[in-house]
Amino acid sequence: MASISNEQYDNTEPHLSETTPLLHASHDRDVESLRSSRNLNHHLALHSTYDGDDTPYKDYATIDWLHDLVKDNTRHGIRDANVRRVNTTWVRIAKAWDSASGWVAAFLIGLITACVAFVVDVSVETVAGWKDGYCTSNIWQNRRACCAADEDCTTWKPWSKSFPSAYLIYVAFALLFGVIAAGVTTTTKMPLPPVVDLNVADNNDKNDNQDAQPVHRPQGKILYMAAGSGIPEIKTILCGFVIPHYLTFKVLAVKAIGATFAVATGMCLGKEGPFVHISTCVGHLVAKHVPKYAQNQRKMREMLSVACSAGLSVAFGAPIGGVLFSYEEISTYFPRRVLWRSFLCSLVAAATLKALDPTGTGKLVLFETKYGVDYDVTHYFVFIFLGICGGVFGGVFCSTNFLWSKTFRKQPWIKNSPVVEVCIVVFITAVLQYPNPLIRETGDIIMERLLVDCNDIKEDWICEQEAKMHGKGLYYAWLISGTFIKLTLTIITFGCKVPSGIIIPALDAGALFGRMVGQLFPGISPGIFAMVGSAAFLAGVSRMTVSLAVIMFELTGEVNFIPPFMVAILTAKWVADSISADGVYDLSQHVMGHPFLDSEQAVVKLRALKDGEESPDLDVLMPPKRVMEQIVLRTEPNNQIMISSLRTKLNGLSSGGMFDIGLIIVNEQGICIGYIPESNIAPVLHLIGQQELEGNDLISFANDSFERLVDRSSLNISTGAPLEYAVEMFGKLGLSHLVVVDEDTAKVVGVIGKKRLLSFLGRLE
């Protein structure tokens, strides 16, 4: 996930750069003004989202899914009308291309994502190997490829055969790779630009309007675009918000390079999360060249959901799991056509990666196992125990990471220099992990070794240790110490300013713990418990269920162990939910200030309030009278609008910091006839500037350019409706705003914006 700092407004908000994805943001300001609810029987007033508060989520523009749906339907109507009117071969071809372009884009996204993943996979294994030695025949070859044709592997030369010297070289290379990873990541540090760019609205210079109020450019928060996994930001984008520059080619390239060196350090992080971000970048770069996606934000987000499936497909060689992951964990809106295209995209990505064969095994299954033994009913108690432990780890992970952030990341010398933090974590990791042969390698190699079935004693060092009749004490010590070292290092690593994910570290910790538990049960391979334990620990952290079960059997090829996976995953989720209601990605969004609406959880919160003393209604979200006077514009006769009045209203929104509310246009009876959303304010200012240059004093909806910028069919809700109705409408229809009207007269009495709703729900935590 990206890391954030709020360097622009030190006096108003805490520095989020010192937080981690699990550090709960605190509100230091007391909101003095409370608005009483409309019902006089309410004896406890709720905070207003307008009085004494900064504009919530001011750095994020919102899209309106319903409005974009209407635009797409209009485009389809125009296309079909053209076919009926001019039924030529070229017109029919153009229609066929328009229908097939989504499938072509999905195919290309899967293909390109697999190629990028191949380069990253090979590069990670090569660079990570340089910590131990190099290939004498070709220094660019990794150890696996170098030893493929030589059973004794004489072509691979270690840097030193002395343990102290090899130890020192290992740590030095890890530090070098950490500096490179953090250094390239910091090149993507940038502020979010203002939602409304007032440079295009500086129209007073042309007509010398002295009455206009001065406009101040809003300052945005700072984002490290390539840091973290990117999954929380992608969830925010797919929820209907805009994070500019987050899916550019530069971010893609830095993410790939940074992930290569970050994973090669041996830190407790993985490249699986970054692969989702990389695939989404690929999806955006491909889809923006297709007009129907480039010109419609709703359609673009459909293609981004498709692209997400390719990311996890190439990360684990799990095409079905990739589709389910996009559906369960990432996407807010997932219609059937997105499911089909995700299926194709994920298939192409997995098939292409198998053909490229980065591991040299020729197999798609990443951690294929053949245990040759089955479990019995009594082992279900062990699986449940592993689920409980995984759930406890997932829940406790939040508080421990929070404590680490409060103590260490608050230090000024750490907060102001993310590279220093990365170097410290890399140094600690390398020093602790190198002596332990179980956790010395990168995360995916550790996972592969811990799941070994040991049908052949010489298959791995682990098998040789477990085959001993006596003298296993040192091996048990490595298992126990490795488990606790991995758990601890995962806590302090999560949140560093490098491309990284939480999936592989959670799997590694669970596999170590499971293998350790498996030593207590003779007659069955300990790898089975390592496999189930890894699923339990990841479920506790991420709260994935169906998609995780599918990913695990695609990872291992062990279809017979789906019931144990399901038992452990469900148990881990229930236990983790009882400790912490949100998974790691949801908490990351809250902490980093990314807006996200989960309508189901929001309705649960509101119903809980109704069961208590408070019973909130729409009034808590509606602007007070003084604000309504600023955001409502009455038309002249014949629904014409004075340009000077429109300019004054929009400048008032700027000076009051209320761009996110938008401007409501009502007729003489007070009925809403139009709404100018936040994203259209700058184009409207530009348009009326042109009208003034032409000598016009009035503008009307007969002007096509003006009408396209105004929402003439805004959805509304009556004042008597429960607040839950508004939440459901925002969540299920994807609205950016909702006009509130009097239930008797239909006159406009307020407006609810998506950002204000999220700000209110956040205060209910």
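Just so you know, these numbers come straight off a predicted model, no measurement behind them.

Scoring rules and cut-offs
- Residues numbered from 1 in each chain as written.
- Predicted model: local features only at pLDDT ≥ 70, side-chain atom pairs only at ≥ 80, totals over all residues.
- Heavy atoms only, no water.
- Pairing = 2+ DSSP bridges.
- Helix = DSSP H or I, 4+ residues; strand = E, 2+ residues; numbered from the N terminus.
- Axes fitted to C-alpha atoms, helices over the stretch in contact; angles between N-to-C directions.
- UniProt positions renumbered as here; feature names shortened; annotations may be inferred.
- Polar contact = N/O pair within 3.5 Å; in protein donor to acceptor, adjacent residues only side chain to side chain.
- Contact = heavy atoms within 4.5 Å.
- Expected span 1.5 Å × (residues − 1).
- Buried < 20%, exposed > 50% of the residue type's maximum accessible area, 1.4 Å probe, protein only.

### Side note on the sheet that holds strand S12 (residues 663-666)
- The strand order S10-S12-S13 describes an open sheet built from three strands, whose pairing is mixed. Bordering the open sheet on either side are strand S10 (632-634) and strand S13 (672-676), each of which pairs with just one other strand. Strand-to-strand twist in this sheet, taken as the mean axis angle between neighbours without regard to direction, amounts to 25°.
- Sheet topology places S12 next to S13; four bridges connect them, and they run antiparallel. Counted as the bridge partner of Ile-664 is Tyr-675 from S13.

### Notes on the UniProt feature "transmembrane region" (unreviewed entry) in the protein chain
- UniProt marks residues 100-120, 166-184, 304-327, 380-404, 475-495 and 527-553 with the feature "transmembrane region" (unreviewed entry), using the numbering shown here.
- Along residues 166-184 one finds 100% helix and 0% strand; the C-alpha atoms at either end are 27 Å apart.
- For residues 527-553, the helix share is 89%, the strand share is 0%, and the end-to-end C-alpha distance is 14 Å.

### Comments concerning the sheet that holds strand S17 (residues 748-753)
- One open sheet accounts for three strands, arranged S15-S16-S17; its pairing is mixed. The open sheet terminates on both sides in strands that have one partner only, identified here as strand S15 (716-718) and S17. With strand direction ignored, the average angle separating the axes of adjacent strands in the sheet is 30°.
- Judged from the five bridges that link them, strand S16 (residues 737-741) and S17 form a sheet pairing that is antiparallel. By the bridge assignment, Val-741 is partnered in S17 with Val-748.

### So, the side chain of Arg-449
- Among the structural elements, Arg-449 can be located in helix H16 (residues 443-450).
- In terms of polar contacts, Arg-449 uses its side chain to reach the side chain of Asp-460, at 3.0 Å.
- When residues no more than four places from it in sequence are discounted, the contact partners of Arg-449 are Pro-437, Leu-438, Asp-460, Trp-461, Ile-462 and Arg-515.

### Considering helix H19 (residues 503-518)
- With 16 residues, H19 should reach 22 Å at 1.5 Å per residue; the first-to-last C-alpha distance of 22 Å fits that figure.
- Burial analysis of H19 places 16 of its 16 residues in the buried class, which makes it a mostly covered element.

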